[in-house]
Amino acid sequence: MKESEKSCPECGEKETRTGEFTGYGSLFKKKGFAKSSPVDACFCINCGTILSLKVRNPKKFI
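The structure presented is a predicted model; accordingly, all values stated were derived computationally and were not measured.

Student: Please provide a residue-by-residue account of the sheet that holds strand S1 (residues 16-21), values included.
Tutor: Ordered by their spatial adjacency, 3 strands build an open sheet running S1-S4-S5, and the pairing between neighbours is antiparallel. Looking along the sheet, the strands with just one partner apiece sit at the ends: S1 and strand S5 (50-55). Neighbour to neighbour, the strand axes of the sheet diverge by 20° on average, direction disregarded.

This is how it looks when you write it as structure tokens:
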């Protein structure tokens, strides 16, 4: 999701930023070899509500 693409459902703010979960905040494959990927989060700069989460490298889980 691009910054400022949609407004926050909690407070109506239209300005957003993107951050990332890494390390223990990464998404790990449930079974098999230890595969993981960082997760990007789009959030409201006013109230901090997370608007979306996206796995950065989904093909690692195929």
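Student: Go over the pattern of salt bridges, please, and point to the residues and values.
Tutor: Tallied over the full model, the rule gives 3 salt bridges. For Arg17, the salt bridge identified is with Glu15, shortest N-O distance 2.8 Å. What makes Glu15 partly exposed here is its relative accessible area of 32%. Note that Arg56 and Glu20 form a salt bridge whose closest N and O atoms lie 2.4 Å from each other. Here Arg56 is found in the segment after S5, whereas its partner Glu20 is found in strand S1, with 36 residues between them in sequence. Take Arg56: its relative accessible area is 37%, and that puts it in the partly exposed class. Look at Glu20 and you get partly exposed, because its relative accessible area is 48%.

Rules used in this analysis
- Residues numbered from 1 in each chain as written.
- Predicted model: local features only at pLDDT ≥ 70, side-chain atom pairs only at ≥ 80, totals over all residues.
- Heavy atoms only, no water.
- Pairing = 2+ DSSP bridges.
- Helix = DSSP H or I, 4+ residues; strand = E, 2+ residues; numbered from the N terminus.
- Axes fitted to C-alpha atoms, helices over the stretch in contact; angles between N-to-C directions.
- Salt bridge = Lys/Arg side-chain N within 4 Å of Asp/Glu carboxyl O.
- Buried < 20%, exposed > 50% of the residue type's maximum accessible area, 1.4 Å probe, protein only.

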